[in-house]
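Per-entry structural report
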Amino acid sequence: MSLITLQSVKKDFGIKEILKDASFSLDASDKVGLIGTNGSGKSTLLKMIAGLEHVDGGQILVNSGAKIMYLPQQPDLDENLTVLEQVFADTGEQMALVREYEELSDKLAHVPDDKQLMARLSSVMQRMDTIGGWELETNAKIILSKLGITDFDAVIGTLSGGYRKRVALATALLSEPDLLLMDEPTNHLDALSVEWLQSYLNRYRGALLLITHDRYFLDRVTNRIIEIDRGDIYTYAGNYSYYLEKKVLAEESAVSSQRKHQGVLRRELEWLKRGPKARSTKQKARIDRVHAMQETEFKQAQGKVDISTASRRIGKKVIEFNNISKAYNGRTLIKDFTYEFSPEDHIGIIGSNGTGKSTLMNMVTGRVQPDSGTVEIGATVHIGYFDQHSEELLTALNEEQRVIDYIKEEGEFVKIADGTKITASQMLERFLFPGNQQYAPISKLSGGEKRRLFLLRILMSAPNLLILDEPTNDLDVQTLAVLEEYLEDFSGCVIVVSHDRYFLDRTVDTIFAIEEFGHVRQYPGNYSVYLDYKKAEEEKLQQTVNTKEKTKNVETLPATSPPKDTEKKKRRGLSNWERREFEQLEGKIAKLEAEKAEAEKGLVNVSPGNYTQVQKLYEQVEALKQAIDQATERWMELAESEL
């Protein structure tokens, strides 16, 4: 059954034709990835399906009764609502009951003997049982927690843009529509949240149409790809890997067809030049065919960004962090970090949101000063900083400025990798900005096009230290692929802050993980190798905990004391106090794990409608998780000191 059908849809913004004659349909089982270069019309297409943008031609047919939910890149939320109120905003009676239940519970906490309040609360609880209100609230809190939001009473107006996007995402998921339209849902999510969302959408029973730059996410969630290429729509019946395979074959076939066409046309033109003597009907038809062949246009392979800018020489000294620390409002982000970057370093910096990744980069550029320690930059270093707020920087400059003028501020001519010089206009064309766009104001560009323009200006400055802070946000997958190839051959130091697993796998050879309490741990290899290390660490920890638990539960004869020299060797590096703490932590972690398992079991088996018990157990599970994480982190820290 088709949920929506597009019939010959057209869209034109004057300087660019977005859709020429788009026709396709979405079924209830479709999970579709929408791809195309920035500015190709992906977000516009979602808005048209959602009814927020008009069509210039054709029509969009929506199945009667189908519920459609649209998640934009910049969601519009009610700033006066709390987080929980916002996610329930579209649930009608359920939201009203949940809100009434919360108010009555709060009042009863102050006057527990009020029989009238108790009677009203009992009535509300019965109605919540009838409409499934308990399950709705529990699901909402679970989804919010998985997305990194634990303060359910926070007011929307106090949240950052990233957290607002998460609240909007939770709202969209909780509404369970027939068709979910999502524009870059993974932006502002850390790797763990992206993994959870990926798993959630794999189980989602409705249809999906989403735009994302995360190619692992795209590959594992979608079963169909729709590509917008210069106004035309192409559909591929498979995931992103399938699309790549078929795209290569299609482009090779198109090139082959064009060559055959050119060969036939060449022979026909030679025949015409000889001048056929007889003007028979057959010959006239042949002449008409030659003219028709001359007018045939072949669509060239999709335009790709050409990154071939030059870089400058870099000396041995790049960046030296000497025992730096940084804290905000009493919370330590970076603690006692020391590292000397080399000219060949390609480093990826990861960590949960708010752990200090951008702060660390801002200390390199001098925007932020460390509380203690020093940051030294080499004399030959020229920094190119592509940060996650580049669109805001463009807006702050002058949105009415023409694209070509913005680039010419960096230089009228550009030296490219082979040493030749080209004009700023030619460089813009290499970055997929045709002539008509070059003389348009920056305000006419899409968000992704602005990011691509900002990237061009940075690369034109010929940096030898590239700092890329969330570079994948709003850049299309085609541009990212070319950027990855460019970074492979970049003759300088690269530091990447990103949650994009695919991008990190392609571009870095060392991972810095910012963990709890400001500790920065170094892992050799790319992101996938880092995950292997973490998995091995967790397995080793679990094995140690299990062994300790078995030892405690099995009665044995008193163990003989190990030789003093063996004991000394085993415990070197730890003080007596730390040694006792290390021994106690193993049992403590095992006890906490058992308590968490018991609480989770209770949460599953709690009787329907017993909200108080559900809330109590949920909070207990969350508190135990935090305690386990802290104890595990301390155990690993002591284990390292022991070795």
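Source: prediction; values computed, not measured. (Residues numbered from 1 in each chain as written. Predicted model: local features only at pLDDT ≥ 70, side-chain atom pairs only at ≥ 80, totals over all residues. Heavy atoms only, no water.)

Counted according to the given criterion, the structure contains 15 aromatic pairs. Where tyrosine 216 meets tyrosine 502, the ring centres are 5.1 Å apart and the plane angle is 65°; that geometry is what we call edge-to-face. Taken together, the residues span a long stretch of sequence, with tyrosine 216 in helix α8 (residues 215–221) and tyrosine 502 in helix α18 (residues 501–507) at a distance of 286 residues. Looking at tyrosine 216, the relative accessible area reads 22%, which means it is partly exposed. The exposure class assigned to tyrosine 502 is partly exposed, which follows from its relative accessible area of 23%. Here a set of aromatic residues connected by ring pairs shows up, and it is made of Phe321, Phe337, Tyr339, Phe341 and Phe512. Over the aromatic face of phenylalanine 433 sits the side chain of arginine 452, whose NZ or CZ is 5.0 Å from the ring centroid. (Phe/Tyr/Trp six-rings, centres within 6.5 Å; stacked < 30°, edge-to-face > 60°. Helix = DSSP H or I, 4+ residues; strand = E, 2+ residues; numbered from the N terminus. Buried < 20%, exposed > 50% of the residue type's maximum accessible area, 1.4 Å probe, protein only. Lys NZ or Arg CZ within 6 Å of the ring centre and 35° of its normal.)

Right, let's get into the side chain of asparagine 526. With respect to the helices and strands, asparagine 526 occurs in the loop between β20 (520–524) and α19 (527–553). Within the local environment of asparagine 526, its side chain forms a polar contact with the backbone oxygen of aspartate 505, the two atoms lying 3.3 Å apart. Every residue in contact with asparagine 526, bar those within four places of it in the chain, is listed here: Leu504, Asp505, Val508 and Ile511. (Polar contact = N/O pair within 3.5 Å; in protein donor to acceptor, adjacent residues only side chain to side chain. Contact = heavy atoms within 4.5 Å.)

We note that arginine 230 has phi near 50°; this positive angle belongs to a residue other than glycine. Position of arginine 230 among the secondary structure elements: in the loop between β8 (224–229) and β9 (232–236). Positioned with a positive phi, alanine 462 is a non-glycine residue whose angle comes to about 55°. The residue alanine 462 is located in the loop between α16 (447–460) and β17 (465–469) in this model. Judged by its relative accessible area of 15%, alanine 462 is buried.

Attention now goes to the pairing of strand β11 (residues 331–340). Direction of pairing for strand β10 (residues 319–328) relative to β11: antiparallel, over a ladder of six bridges. Residue phenylalanine 321 lies in a different strand from β11, and its bridge partner there is tyrosine 339. Connecting the antiparallel pair β10 and β11 is a turn made up of two residues, with asparagine 329 showing a positive phi of about 50°. (Pairing = 2+ DSSP bridges.)

It is worth spelling out helix α7 (residues 191–203) at this point. In an α-helix, one full turn covers 3.6 residues, which means residues spaced three or four apart are oriented alike. Here α7 contains 13 residues, and its C-alpha end-to-end distance of 19 Å stays within 8% of the 18 Å for a straight helix at 1.5 Å per residue. Taken residue by residue, α7 has Ala191, Ser193, Val194, Trp196, Leu197, Gln198, Tyr200 and Leu201 as its buried positions. (Expected span 1.5 Å × (residues − 1).)

Ranked by internal contacts, the top residues of the largest apolar core, which has 53 residues, are Val87, Leu173 and Leu201. Among the elements that line this core, the one with the most residues is helix α6 (residues 161–175), at seven residues. With near-sequence residues (within four places) excluded, leucine 201 lies in contact with Lys31, Leu173, Met182, Leu208, Phe217 and Val221. Ile307, Val403, Leu456 and Val494 belong to the second-largest nonpolar core, a separate cluster that totals 44 residues. (Core = buried A, V, L, I, M, F, W, Y, C linked by side-chain atoms within 4.5 Å.)

Tallied over the entire structure, the rule returns 22 salt bridges. Aspartate 30 is the partner of arginine 224 in a salt bridge, and the nearest nitrogen-oxygen pair spans 2.9 Å. Residue arginine 224 is found in strand β8, and its partner aspartate 30 is found in the loop between β2 (17–27) and β3 (31–35); the two are separated by 194 residues along the sequence. Accessibility expressed as a relative area gives 14% for arginine 224, which makes it buried. In this structure, the salt-bridge partner of glutamate 376 is lysine 317, at a minimum N-O distance of 2.9 Å. Taken together, the residues span a long stretch of sequence, with glutamate 376 in strand β13 (residues 372–377) and lysine 317 in the loop between α10 (281–295) and β10 at a distance of 59 residues. Its relative accessible area of 31% is what places glutamate 376 among the partly exposed residues. For lysine 317, a relative accessible area of 35% puts it in the partly exposed group. Within the structure, one salt-bridge network assembled from shared partners comprises Arg215, Glu484, Glu488 and Arg506. (Salt bridge = Lys/Arg side-chain N within 4 Å of Asp/Glu carboxyl O.)

Attention now goes to the side chain of serine 40. Within the secondary structure, serine 40 sits in the loop between β3 and α1 (42–49). Take serine 40: its relative accessible area is 9%, and that puts it in the buried class. A polar contact is formed between the side chain of serine 40 and the backbone oxygen of threonine 37, at a distance of 2.7 Å. Look past the residues within four positions of serine 40 in its chain and what remains in contact with it is Ile18 and Ile228.

Confidence in the prediction of the protein, expressed as mean pLDDT, is 81, and 81% of residues score 70 or more. Note that residues 559–572 has pLDDT below 50 and, in this model, nine contacts with residues that lie over four places away or in other chains. (pLDDT = per-residue confidence, 0-100.)

Here the focus is the pairing of strand β6 (residues 179–183). Within a regular beta strand, the side chains point alternately toward one face of the sheet and then the other, so they alternate between its two faces. With five of five residues buried, β6 lies mostly within the body of the structure. Burial of the side chains of β6 extends over both faces: Leu179, Leu181 and Asp183 are buried on one face and Leu180 and Met182 on the other. With four bridges connecting them, strand β5 (residues 68–71) and β6 associate as parallel partners. When the sheet's bridge partners are listed, leucine 71 is paired in β6 with methionine 182.

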